[in-house]
Amino acid sequence: MKSHKIKKLISGFTLALLAAGAQADYPERNINYYIPFNPGGESDVTARMQEEGFKEATGQGFTFQYKPGAGGATGLSQLNQMADDGYNIMGFNLPHLFLQPMSGDVGYETDDIEVVYVFQLTPHALIVPASSSIESLEDFVSRAKETPGALTVAGVGSNSAPHIAKEIFDDAASTTTTYIPFTGTSASTAAMLGKQVDAQWSFVTVGVEQEDNVRLLGVAMEERHPLFPDVPTFKEMGIDLVDGAYRGVAVPKTTPEEIKQELSSLFAEINKSPSFRQTMVDKGYVLIDVPYSEVPEFMERVGSDYKEAARLLGLVE
Amino acid sequence: MFAYFLDALTPFNLMLAMFGVTAGITIGALPGLTATMAVAVLTPMTFTMPPSSALIVLASIYMGGIYGGCFSAILVNTPGTPSSITTTFDGYPMAKRGDGALALSLATLASVIGGAIGVLLLLLVAPPLARAALAFGPVEYFWLAVLGLTLVASLSEGNLLKGIMGACLGLLISFVGSAVMGGDLRFTFGSPTLSGGVNIVVALIGLFCIPVVLDLISTAEPHMEMDKERPQGFRLREAVKLLLNEKINVFRSGGIGALVGALPAAGGSISSLIAYSEARRSSKKSHEYGKGAPGGIVAAEAANNATVGGGFIPTLTLGIPGTPPDAIIMGALLVHGVQIGPSLFTENSEIVYTFIFGLLVATILMLPIGLLLGRYAFRAFIAIPKSLLVPGVLLLTILGTYGINNNVIEVFIMLALGVVGWALSRAGFSPAPIVLGVVLGQIAEQGFVQAWLIGSATSNLSGMFFGRPISLAIIGIIILSLGYPLLATQLKKFGRLKAHD
């Protein structure tokens, strides 16, 4: 009996020692960075850009692993079954993390995912082809009010980020537009460029990629985007829409607190690197910093926004 | 421009292209592993290479993968990749009668020429073609899918009713999952996996591979016998001769493949279907199609390989990927810091042109590599005992299905579809109309819903569906393809009556 207790004590002690040691040298080998999407997607591109800064700070790199499927849900639903030693991290997207569990059983709940850092945002943008007769956001709003429902706007998917942007915009600007869902950004962009629809709800990154082929009518940011100084924010027009797709990293829930803290400060450091900032901004991304300590408050805030949006979409009562 | 060509020919790039083509052919040839998967799996490997080399590898894998799909299509009646469904129509009957080697050589020649047509169109007329592709709106995709469905029906000659029933079953399967519009869940029975719909590749593997495996198990005969009376080897001379008879066919099919490939929401399976049907209609021996006509293989393989070059047209000129592998390759470029978009051709011309020439080199490399691999694949396939072949194919189908989304439930869906497909094949249903129903159902539904929404929003519903020139042209072809068999039989009857007089 006694020896059993001692054994337990010893093993507990060793574990504690091991844990302490692990934190001191963490990370002492490459970290598995799981991407729940296909290689080459925006999450992958970002993660690969982050590796340089991570190497500089720790001397270790990332081992990239892909677990695509069900818009990221396949990977996320497996996160908590992974080893919680700090060597498994996974990228995630918002609003997917909120909307997927709302739409049914996808294998995880929003609260199951332990977010340690949110590092970037691709802001929503309302986009028209360069040759469109819609010159400005005022044009768009007045056309939408003149003939309610006649303006068609493409976006990716139903109950998705662009769909939410459309609903919030219509609600805030008191307009009625018709949302046309497409599968994938490419189909949605092609429909807009080919003038099959009047406009497109997408992200600033599409504006960067399409260059002179398109005109951005407005961006869902607090301030104007540095790459598009002439494009107004929706806020300037009195339309309260500041949102987009957020990206960050999460860990298995039982990962030690110290490691979560450490990871959070490492990603904060990466976000500070001037060369990293430059590449991300050039591609149209907006860097934000939500460290581990502020995650609960952040999730609470955006979560209530998404719940409101889900109500507009009729997803929840 | 010549310098770019030389760039693509550096020993390093040439070696990469050879590796890519070989890897692509191998993965594409294995039933259950698709070209898209080959590109996705090997993409991270290229991140350490210089951008143009990385692109050459990826493009070679893609080109090789699409071509490799014909191996299993011809030898096992199982398309290695969705775009080689049409190749099974005539490829397998040819192999069955002992002309497998000839069919493979013919498919290789057609693939190389078709692939080259696609790449040359990409090189020479990409910008105008990309603009033309944008004129294709939701309603055009809807009519295109309807055209595809009518072709399925008219291809099931003698078995029209079963063909239509099969296509309808496929359409029904395509409804499973969350609806394009509104996101309502249909026929998902509470399963999170089914809410994403039945993956096309899952349906393909289940409906094609599993019945073949079950048939192999249930019969005592060997899977394929070497016919000692038939000539052996490549039979290249014969293949060239056959191809010369199909000159117009190969160029028309290549053209169709490249054009359909340039449409961002259509793919290789629909392009080879249209090319096949055109080839059959204009052939003097149309009654042989489906029973091992060389022209059928030529049409299918020229078209699906031309889709590769065609698909890169919107990818490189507009930053809009034409096919799923294009999307992955585009992402790989972004990782390399190359910004895709309208200015890619002007700002990164050396990368783009090296890439296009690399693609051309890879296409040409397919000829020796394909012939060689084909020869060994054919021999190995005949030599391998059935007791190894069956578990091997079964293992690949399971691995391949799991690999699509890392989801074990999809493996069960695949197996369930396989058993259904086997039972149906016993009743005389062929799997092609079912799978094409799944593919085309998604395109048709999306196009219809989008067109309906846009038409209603602009209060011009009839103009939306029946007032656009491209739509009218496709509708014309639909009427023609539905009416032609009827017309042909009427004419024949008329002719016979006259002869009796």
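Reading guide: rules and limits
- Residues numbered from 1 in each chain as written.
- Chains lettered and ligands numbered in written order.
- Predicted model: local features only at pLDDT ≥ 70, side-chain atom pairs only at ≥ 80, totals over all residues.
- Helix = DSSP H or I, 4+ residues; strand = E, 2+ residues; numbered from the N terminus.
- Rg over C-alpha atoms; globule rule 2.2 N^0.38 Å.
- Buried ≥ 20, exposed ≤ 12 C-beta atoms within 10 Å, placed from the backbone.
- Contact = placed C-beta atoms within 7 Å.
- Axes fitted to C-alpha atoms, helices over the stretch in contact; angles between N-to-C directions.
- Parallel < 35°, antiparallel > 145°, perpendicular 65-115°, else oblique.
- Nonpolar A, V, L, I, M, F, W, Y, C, P; charged D, E, K, R; others polar.
- Pairing = 2+ DSSP bridges.
- Right-handed = clockwise from strand over helix to strand, strands pointing away.

**Student:** Outline the overall build of chain A, supporting the account with residue identities and numerical values.
**Tutor:** Within chain A, the secondary structure is distributed over eleven helices and ten strands. Over its C-alpha trace chain A gives a radius of gyration of 22 Å, about what one expects of a compact globule, namely 20 Å for 317 residues. Each principal axis of the C-alpha distribution contributes one length, and for chain A these read about 85 × 45 × 30 Å. By residue count, 49% of the 317 residues in chain A fall in the buried class.

**Student:** Can you explain the overall build of chain B? Please cite residues and give values.
**Tutor:** Regarding its fold elements, chain B presents 21 helices and two strands. For chain B, the C-alpha atoms occupy an extent of roughly 70 × 65 × 55 Å along the three principal directions. Burial statistics for chain B: of 501 residues in total, 58% are counted as buried. For chain B, contacts bridging at least 24 residues in sequence account for 78% of all contacts bridging at least 6.

**Student:** Describe in detail the environment of B:I328, supporting the description with residues and values.
**Tutor:** Its location among the elements puts B:I328 in helix α14 (residues 324–335). Assessed through the 24 C-beta atoms surrounding it within 10 Å, B:I328 is described here as buried.

**Student:** Residues and numbers for the packing of helix α5 (residues 85–134) of chain B against helix α12 (residues 268–282) of chain B, please.
**Tutor:** Packed helices, taken two at a time, are described by the angle between their axes plus the distance between the axes. All names here are of chain B. Where α5 meets α12, the closest approach of the two axes is 7 Å, and the angle between their N-to-C directions is 45 degrees. Judged by the inter-axis angle, α5 sits oblique to α12. Contacts from I85, T86 and F89 of α5 reach α12 at S269, S272, L273 and Y276. For the contact of α5 with α12, a count of residues per class yields four nonpolar, three polar and no charged.

**Student:** Please set out the pairing of strand β2 (residues 62–66) of chain A residue by residue, giving values where relevant.
**Tutor:** All names here are of chain A. Bridging between strand β1 (residues 31–35) and β2 involves five bridges; their strand directions are parallel. Opposite Y34, over in β2, you have Q65 as the bridge partner. Read as a crossover between parallel neighbours, the route from β1 over helix α2 (residues 42–58) to β2 is right-handed.

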